Amino acid sequence: MATAQTQTAARFMMAPAVLLLLAWMIIPLSMTLYFSFQRYNLLMPGMEYFTGFDNYRYFFANPNFWAALTNTLVLVGGVLAITLIGGTLLALLLDQPMFGQGIVRLLVIAPFFVMPTVSALVWKNMLMHPVNGFFAWLARVFGFQPIDWFAQFPMFSIIMIVAWQWLPFATLILLTALQSLDEEQREAAGMDGAGPLSLFFYIILPHIARALTVVMLIQTIFLLSIFAEILVTTNGGPGVATTNLTFLIYMQSLLQFDVGLASAGGIVAVILANIVAIFLLRIVGKNLEA
Amino acid sequence: MARAISTRRKIGFTILAWGIGLVIFFPILWTFLTSFKPEGQAIAIPPRFFDFDWTLANYETVQSRSNYFRHFSNSVISAVGSTLLGLLIAIPAAWAMAFSPTKRTKDVLMWMLSTKMLPAVGVLVPIYLIFRDLRLLDTHLGIIVVLTMINLPIIIWMLFTYFKEIPVDILEAARMDGASLRQEVVHVLTPMAVPGIASTLLLNIILAWNEAFWTLNLTTTNAAPLTAFIASYSSPEGLFWAKLSAASMMAIAPILIMGWFSQKQLVRGLTFGAVK
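Fair warning: this is a prediction, and the values are worked out from it, not measured in the lab. (Residues numbered from 1 in each chain as written. Chains lettered and ligands numbered in written order. Predicted model: local features only at pLDDT ≥ 70, side-chain atom pairs only at ≥ 80, totals over all residues. Heavy atoms only, no water.)

**Things to note about the packing of aromatic side chains**
Here is step 1: The full count for this structure, using the stated rule, is 46 aromatic pairs over all chains.
Here is step 2: Taking 6.3 Å as the distance between ring centres and 80° as the angle between the ring planes, the aromatic pair formed by Phe59 of chain A and Phe60 of chain A counts as edge-to-face.
Here is step 3: Under the relative-accessibility criterion, Phe60 of chain A is labelled partly exposed at 35%.
Here is step 4: A ring pair is formed by Phe134 of chain A and Phe26 of chain B, whose centres lie 4.6 Å apart and whose planes are at 45°; its orientation type is tilted. With one member in each of two chains, Phe134 of chain A in helix α6 (residues 134-141) and Phe26 of chain B in helix α1 (residues 2-34) form a pair that bridges those chains.
Here is step 5: The ring centre of Phe99 of chain A lies 4.5 Å from the NZ or CZ of Lys10 of chain B, which sits over that ring.
Here is step 6: Over the face of the ring belonging to Trp30 of chain B we find Lys37 of chain B, whose NZ or CZ atom lies 3.9 Å from the ring centre. (Phe/Tyr/Trp six-rings, centres within 6.5 Å; stacked < 30°, edge-to-face > 60°. Buried < 20%, exposed > 50% of the residue type's maximum accessible area, 1.4 Å probe, protein only. Helix = DSSP H or I, 4+ residues; strand = E, 2+ residues; numbered from the N terminus. Lys NZ or Arg CZ within 6 Å of the ring centre and 35° of its normal.)

**Some words on the UniProt feature "domain: ABC transmembrane type-1" (unreviewed entry) in chain A**
Here is step 1: The sites that carry the UniProt feature "domain: ABC transmembrane type-1" (unreviewed entry) are, in the present numbering, residues 69-280 of chain A.
Here is step 2: Note that residues 69-280 of chain A is 76% helix and 0% strand, and that its end C-alpha atoms are spaced 21 Å apart. (UniProt positions renumbered as here; feature names shortened; annotations may be inferred.)

**As for the side chain of Thr14 of chain B**
Here is step 1: With respect to the helices and strands, the residue Thr14 of chain B is situated in helix α1.
Here is step 2: For Thr14 of chain B, the side chain forms a polar contact with the main-chain oxygen of Lys10 of chain B, separated by 2.6 Å.
Here is step 3: Beyond its immediate sequence surroundings of up to four residues, Thr14 of chain B is in contact with Met98 and Phe99 of chain A. (Polar contact = N/O pair within 3.5 Å; in protein donor to acceptor, adjacent residues only side chain to side chain. Contact = heavy atoms within 4.5 Å.)

**Topic: the UniProt feature "transmembrane region" (unreviewed entry) in chain B**
Here is step 1: According to UniProt, the positions carrying the feature "transmembrane region" (unreviewed entry) are residues 12-33, 76-96, 108-131, 143-163, 184-209 and 240-261 of chain B.
Here is step 2: Along residues 12-33 of chain B, the helical share is 100% and the strand share 0%, with 29 Å between the first and last C-alpha atoms.

**Quick word on unusual backbone geometry**
Here is step 1: Backbone geometry places Asn235 of chain A, a non-glycine residue, at a positive phi of 55°.
Here is step 2: With respect to the helices and strands, the residue Asn235 of chain A is situated in the loop between α11 (228-233) and α12 (245-255).
Here is step 3: Within the chain, Arg135 of chain B stands out as a residue other than glycine whose phi angle is a positive 55°.
Here is step 4: Locating Arg135 of chain B in the fold gives a position in the loop between α6 (124-133) and α7 (140-164).
Here is step 5: Overall, the relative accessible area of 71% leaves Arg135 of chain B in the exposed class.

**Observations regarding the domain arrangement of chain B**
All names here are of chain B.
Here is step 1: Looking at chain B, the domain boundaries give domain 1 (2-59) and domain 2 (67-270).
Here is step 2: On a C-alpha basis, the centres of domain 1 and domain 2 stand 33 Å from each other.
Here is step 3: Across the boundary between the two partners, domain 1 contributes twelve residues, which contact 13 residues of domain 2.
Here is step 4: At the boundary of domain 1 with domain 2, total buried surface from both sides reaches about 1,000 Å², with 79% on carbon and sulfur atoms.
Here is step 5: Interface area lost by domain 1 to domain 2 is led by Glu39, Ile43 and Tyr59, which between them contribute 45%.
Here is step 6: At the junction of domain 1 with domain 2, the criterion picks out one salt bridge.
Here is step 7: Note that Glu39 is salt-bridged to Lys243, the shortest N-O span being 3.0 Å.
Here is step 8: At the boundary of domain 1 with domain 2, the tally comes to three residue pairs in polar contact (both at pLDDT 80 or more). (Domains from an automatic or database assignment. Buried area = accessible area lost by both parts, 1.4 Å probe. Salt bridge = Lys/Arg side-chain N within 4 Å of Asp/Glu carboxyl O.)

**A few points about the packing of helix α8 (residues 154-179) of chain A against helix α13 (residues 263-270) of chain B**
Here is step 1: Where α8 of chain A meets α13 of chain B, the axes come as close as 10 Å, and the angle between the chain directions of the two elements is 90°. The angle between α8 of chain A and α13 of chain B falls in the class roughly perpendicular. Facing Phe169, Leu172, Ile173 and Thr176 of chain A of α8 of chain A, the residues of α13 of chain B in contact are Gln263, Leu266, Val267 and Leu270 of chain B.
Here is step 2: Of the residues assigned to the contact of α8 of chain A with α13 of chain B, the class counts are six nonpolar, two polar and no charged. (Axes fitted to C-alpha atoms, helices over the stretch in contact; angles between N-to-C directions. Parallel < 35°, antiparallel > 145°, perpendicular 65-115°, else oblique. Nonpolar A, V, L, I, M, F, W, Y, C, P; charged D, E, K, R; others polar.)

**Brief notes about the pattern of salt bridges**
Here is step 1: Summed over all chains, the structure comprises four salt bridges over all chains.
Here is step 2: Measuring nitrogen to oxygen at the nearest pair gives 3.6 Å for the salt bridge that ties Arg39 of chain A to Asp258 of chain A. Residue Arg39 of chain A is located in strand β1 (residues 38-39), and its partner Asp258 of chain A is located in the loop between α12 and α13 (259-286); the two are separated by 219 residues in the primary sequence.
Here is step 3: By relative accessible area, Asp258 of chain A is classed as buried at 13%.
Here is step 4: A salt bridge links Asp133 of chain B to Arg132 of chain B; its shortest N-O distance comes to 3.4 Å.
Here is step 5: Using a relative accessible area of 37% as the deciding quantity, one classes Arg132 of chain B as partly exposed.

**Focus on the interface of chain B and chain A**
Here is step 1: Tallying the contact residues gives 103 residues for chain B and 98 residues for chain A.
Here is step 2: Here chain B meets chain A over a buried area of about 9,000 Å², counting both sides, of which 82% is carbon and sulfur.
Here is step 3: Of all residues in chain B, the largest losses of buried area upon contact with chain A belong to Ile24, Met117 and Trp241 of chain B, amounting jointly to 8% of the total for that side.
Here is step 4: If you look at where chain B meets chain A, you find eight residue pairs in polar contact (both at pLDDT 80 or more).
Here is step 5: Counting residues per element, the side of chain B that touches chain A draws most heavily on α1 of chain B, at 19 residues.
Here is step 6: Of the residues that constitute the side of chain B that touches chain A, the class distribution is 75 nonpolar, 20 polar and eight charged.

**Structural notes on the nonpolar core**
Here is step 1: Core analysis: the largest hydrophobic core is formed by 200 residues, its most contacted members being Ile156, Phe163 and Trp214 of chain B.
Here is step 2: Per element, the largest residue contribution to this core is 17 residues, and it comes from α8 of chain A.
Here is step 3: Two domains each provide a minimum of three residues to this core, namely domain 1 (2-59) and domain 2 (67-270) of chain B.
Here is step 4: Residues contacting Phe163 of chain B, with those up to four places away along its chain left out, are Ile91, Ala94, Trp95, Ala98, Phe99, Ala193 and Ile197 of chain B. (Core = buried A, V, L, I, M, F, W, Y, C linked by side-chain atoms within 4.5 Å.)

Structural data, given as structure tokens:
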């Protein structure tokens, strides 16, 4: 009796959250799906008609799509490589005894709290500017020709900026995982004569493997939709050199007003993200005792 | 002897870690220093580290010229508003799932998380059109609604993991003593849940403050927060680095300080409890 009452109460308490999220997911997504089968341009109102898979065909036939897809993969892959390897090394370092550990931690984690538009503009102007930038000065001090980062290596420049923002995240989570490693296990391995390398590969790496996977998947979700950094630095250029899928769809919808084509792209992006999400959800789900 | 070696090791690690930490922090430090320089010295080569004419003029200019305060208050309104609204919706839901779980609770939680994985660009067009028709473009209400919805899954998950740690025995004891649901919530649950709620609040203000995809696409002037304000510095090609730096510092300082205080919660909140 009491439990039935609590169950009803529980259902009422969950209802707003569930209904709102359901609406938030289903209404726009079904609209995107519907638009993706329509010829629909905001500049020609009242001219919508059903076109079947035409938008998808145009989208896939567009060479920019394949460029954007490649760019997306390069961007995600590059940032992941830097943050996972760098994050592991940094976490190992921060786990060692040192003076002022807390302050170093604050320094390392800070970039994560900087809003994307700020970090992109600061890097673009004050650090990477080919004439007055800090890097240009450094290059000249060491006798090198300064690099015009966004003209010569546009994608690499964006990868650096984004990796700077996400390195703290990886480091912090891997450090948390490291600190839960059983000290005795480490000591036992040390007594058995394990060197630092075998200690890392046989004890530490297996211990943080799950945290590494979680970091990788969560970052992938966010990195697939990098937008602000591209908007304020290169605007997708030069050409389409830094246009990722998110930016391509943004251009098609809000700049060219082609709702149908952009929606088809949106559905493609949803499918891509879902492939990653399935793996992430499985890992999180395993850990959940509800 | 062993102690001498370990002290030497400690000093070595200290130097290495401080060096790397300062390199990582350098862009922020550089922005901080540049924000106090006159424009001419901000672009000077070789760069001036501390030997420049310290000035607060940039901060004054940014405030007076580009409506910094309007954007700042827009950021506060949308970040705080969306977080409070999110908590209002999420607290009952997380409470119900933590204390009266059913067979389906886990599925519901997983499903909520899955909505977070929906890429924003997949729903950009419909949201834009709906907002246009409802006249929500460039309004506080519109931004609050969007930020609430995109962060709701994280809020619910964080609260759920905190509520899970509250001992159920206490609740049962209260129930035995004849406490009503309302009394249970007000006198038993709330005091124990406050720390978890506070951490959730903090993390979500940070996330909402820095959110840039929706705020850039759905606002123009009236409701534009600091993310958009800073983005407006990208268009002119002039070298106003000192002013850009001052504006940047004002945009990130409050959140940087809050973030430093919420490191631990960040791990829990952003990994959905998978790493503690």
